[in-house]
Amino acid sequence: MYDLKVILENDKGFKWFQAHGISFKGYLLADGEYLTGSAAADFLKSKFGNFEDPEKDLKELNGVFAMVYEGSGILFACCDRTRSFPLFYRISDNGLTIADKPKAFGSGKDTDDESIKIFLYSGYATGNRTLLKDVFQVQAGEYIIRDKENFERKFYYRFASGNRISDNGVLEKDLTDTLNVIGRDLSISLEGRTAVVPLSSGYDSRLIAVLLKSAGINDAVTFTYGRKDNPEIGLSRKTAQKLGFRWEYIEYDEETVKNYLNTDDFRSYFPFASACTSMFYLQEFFALQKLKEMIPENSVFIPGHSGDTIAGSHLSDDMTGELTKEALIDRIISKHFNMKPVNSKNREFLSEELASAFERSIFSGFDYEDWIIKERHGKFVINSNRIYEFFGYEYRMPLVDSRFMDTMSLTPSTLRAGKKLYDSVLKRNFFEKYGLNFSNETNPEPKDIRMQETKNSIKKIMPKKIINFYKEKLRKNTDIYYNIGVTDRMIKDLESYGAPVDKNGENRNSIIIQWYIHQLINGRI
């Protein structure tokens, strides 16, 4: 018997809409129109028909979405370029099941040991794996399709260099024009609802605020959170004041996080946000608990994810030429598998796991960034949007708009490394008009990034005891989001069960990861 099954139950934030055999969640942007619900389904039906040859048309879609199509003897599913909404699947000899929650496939007790091992280093399950055996995830920029005879999965999008433009003036104008159009479409998509911007001292969130102001939005709400000595408070407040936006500050202290591990909100949130694939994002959790009492129920959150990534923040000057497969994998492990120290044996294991994702022998910085967008970006950064969904809000992501991604892919690596072009355009063409170029910026310059890389190299040859001593001291001095107070409670909880705790990770996210894995494998979710 041929068995195709679809189980879509997550209607938090964006809701699923069904028509023409299509289940759609999220939004599309097409020719200046904001499409969701029935309008999106109608548009997709006219574009894809019966989804027999979807790859070309998928490349042209712009938006934040997941969709499933069932009809004409096939079952098709895809995620957008950055995996905004997770989809999961299980393949059988005679069919395919697609769901938006891993629990649809059982209790979750049958975990995948290799995926867990990778997760402890990275904070997410890599490739199409999840933390459960025989349960897979649709990746960023990927589609899957099943008919009576075959199952196929294929990437329809890769972040790759196009026909590069070498004229700096043309590049600056193109980027400026693209961002202005994205800002216009962002304002249209709000449909009169209140825009809420998590405003840090960085460039991405500041750009979001400027785009809103430039598009005629005057009543946006901005917010900042953390300890009283958070250095982002001053710059974010100045930005809001200069733009005439309301600014809210939510303080984090001992009272904020007291007993949070046992609250109903948290016990419901962390399995929802992790979904057996990603570390759950906790940084804004306490802010949202308080902010929901201050904003309209139909507000729309607009985070700055992730202009800096697309613009080249992960690309250094030494990566603008060719890269060998070994150099590329070594870079990924060093930069993105640091939630716990990697010894030679585990480095070999991680290298073998990563090798399957890279089939050629020579690569470029674009291949490195494509991996980041699909893995760290999609499963770690973009996945943080689960926090807005959990509290019932929609969101927009203007800085992963396909027009912005495509514009940056035409920019030579030498101008993208360290975000050179992006930062220059933002400061001159967007911030200067509103007096938002500050003398005490916290946004790291290329020289700051190079200095940090030098420090990281020195750390590799220093005794571990000395490194850990100064690392913990630095954490306490720079703990602007009260992460130590939050994770100390997780450490105590783990120790109460007699579970070992590795405190040698690069940051306190490693504690969240260990705590989550302990909850998962011991059936406490």
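Only a predicted model underlies this, so the values are computations on that prediction, with no experimental measurement involved. (Residues numbered from 1 in each chain as written. Predicted model: local features only at pLDDT ≥ 70, side-chain atom pairs only at ≥ 80, totals over all residues. Heavy atoms only, no water.)

Caption draft 1: Fine view of the pattern of salt bridges. Applying the stated criterion across every chain yields a total of 32 salt bridges. Its salt-bridge partner being Lys 258, residue Glu 255 comes within 3.1 Å of it at the nearest N-O pair. For Lys 258, a relative accessible area of 44% gives the class partly exposed. Three or more residues are tied together by salt bridges with common partners; here these are Arg 184, Asp 185, Asp 401 and Arg 403. (Salt bridge = Lys/Arg side-chain N within 4 Å of Asp/Glu carboxyl O. Buried < 20%, exposed > 50% of the residue type's maximum accessible area, 1.4 Å probe, protein only.)

Caption draft 2: Layout of the side chain of Ser 122. Considering the arrangement of structural elements, one finds Ser 122 in helix H3 (residues 113-122). Within the structure, the side chain of Ser 122 is placed 2.8 Å from the backbone oxygen of Tyr 124, a separation counted as a polar contact. Apart from residues no more than four positions distant in its own chain, Ser 122 is found in contact with His 336, Phe 337, Met 339 and Phe 380. (Helix = DSSP H or I, 4+ residues; strand = E, 2+ residues; numbered from the N terminus. Polar contact = N/O pair within 3.5 Å; in protein donor to acceptor, adjacent residues only side chain to side chain. Contact = heavy atoms within 4.5 Å.)

Caption draft 3: Up close: unusual backbone geometry. Although it is not a glycine, Asp 31 adopts a positive phi angle of roughly 50 degrees. Relative to the assigned elements, Asp 31 resides in the loop between strand S3 (22-30) and strand S4 (33-35). Relative accessible area serves as the criterion here: at 84%, Asp 31 is assigned to the exposed category. Phi at Glu 191 takes a positive value of approximately 50 degrees, unusual for a residue other than glycine. Mapped onto the elements of the fold, Glu 191 is located in the loop between helix H4 (168-190) and strand S12 (195-198). The exposure class of Glu 191 is exposed, given its relative accessible area of 54%.

Caption draft 4: Looking closely at helix H5 (residues 203-214). Taking 1.5 Å of rise per residue, the 12 residues of H5 would be expected to cover 16 Å, and the 16 Å separating its terminal C-alpha atoms lies within 8% of that figure. Extensive coverage of H5 is indicated by the burial of 10 of its 12 residues. Within H5, the full set of buried residues consists of Tyr 203, Asp 204, Ser 205, Arg 206, Leu 207, Ile 208, Ala 209, Val 210, Leu 211 and Leu 212. If you follow the buried residues of H5, they end up packed against H4, S12, helix H6 (232-243), helix H10 (307-311) and helix H17 (420-431). The first or second residue beyond H5 is Gly 216, which carries a positive phi of 95 degrees. (Expected span 1.5 Å × (residues − 1).)

Caption draft 5: Looking closely at the sheet that holds strand S9 (residues 136-137). Spatially, S1-S8-S7-S9 is the arrangement adopted by the four strands of the open sheet, whose pairing is mixed. For this open sheet the edge positions go to strand S1 (3-7) and S9, each flanked by a neighbour on one side alone. Relative to S9, strand S7 (residues 88-92) runs antiparallel, the two sharing two bridges. Opposite Phe 88, over in S9, you have Gln 137 as the bridge partner. (Pairing = 2+ DSSP bridges.)

Caption draft 6: A look at the nonpolar core. Grouped together as the largest cluster of nonpolar side chains are 103 residues, with contacts concentrated most on Phe 266, Phe 280, Phe 301 and Met 490. Ranked by residues supplied to this core, first place goes to helix H21 (residues 509-521) with seven residues. Ignoring any residue separated from it by four or fewer positions in sequence, one finds Phe 301 in contact with Val 196, Phe 223, Leu 288, Leu 291, Ile 295, Tyr 388, Tyr 393, Glu 394, Tyr 395 and Arg 396. With 66 residues, the next largest nonpolar core counts Ile 74, Cys 78, Ile 145 and Trp 247 among its residues. (Core = buried A, V, L, I, M, F, W, Y, C linked by side-chain atoms within 4.5 Å.)

Caption draft 7: Up close: the side chain of Gln 519. The residue Gln 519 is located in helix H21 in this model. According to the relative accessible area criterion, Gln 519 is buried, its value standing at 1%. Gln 519 has contacts with Arg 267, Phe 270, Asp 493, Arg 524 and Ile 525, leaving out every residue within four places of it along the chain.

Caption draft 8: Molecular detail of the pairing of strand S10 (residues 142-146). In terms of burial, S10 is a largely internal element, five of the five residues being buried. One ladder, built from four bridges, connects strand S6 (residues 74-79) with S10; its direction is antiparallel. From the neighbouring strand, Ala 77 faces S10, where its bridge partner is Ile 144. Sheet topology note: the S10/strand S11 (residues 151-155) ladder contains five bridges and is antiparallel. Across the sheet, the residue bridging to Ile 145 is Glu 152, located in S11. The antiparallel hairpin formed by S10 and S11 contains four residues in its connecting segment.

Caption draft 9: Region of interest: the sheet that holds S12. Pairing in this open sheet of five strands is parallel, and the strands run S14-S13-S12-S15-S18 from one edge to the other. Pairing within the sheet leaves two strands with one partner each, and these edge strands are strand S14 (246-251) and strand S18 (394-395). With two bridges connecting them, strand S15 (residues 300-301) and S18 associate as parallel partners. Counterpart to Phe 301 in the pairing with S18 is Tyr 395. Lying on the sheet, H6 is in contact with strand S13 (221-226) and S14; it crosses S14 at an angle near 160 degrees. (Axes fitted to C-alpha atoms, helices over the stretch in contact; angles between N-to-C directions.)

Caption draft 10: Region of the structure containing the packing of H4 against helix H15 (residues 402-409). The geometry of H4 relative to H15 is characterised by a closest axis approach of 9 Å and an angle of 170 degrees between their N-to-C directions. Taken together, H4 and H15 sit at an angle that is classed as roughly antiparallel. Residues Asp 174, Leu 175, Thr 178, Leu 179, Val 181, Ile 182 and Asp 185 of H4 pack against Arg 403, Phe 404, Thr 407 and Met 408 of H15. (Parallel < 35°, antiparallel > 145°, perpendicular 65-115°, else oblique.)

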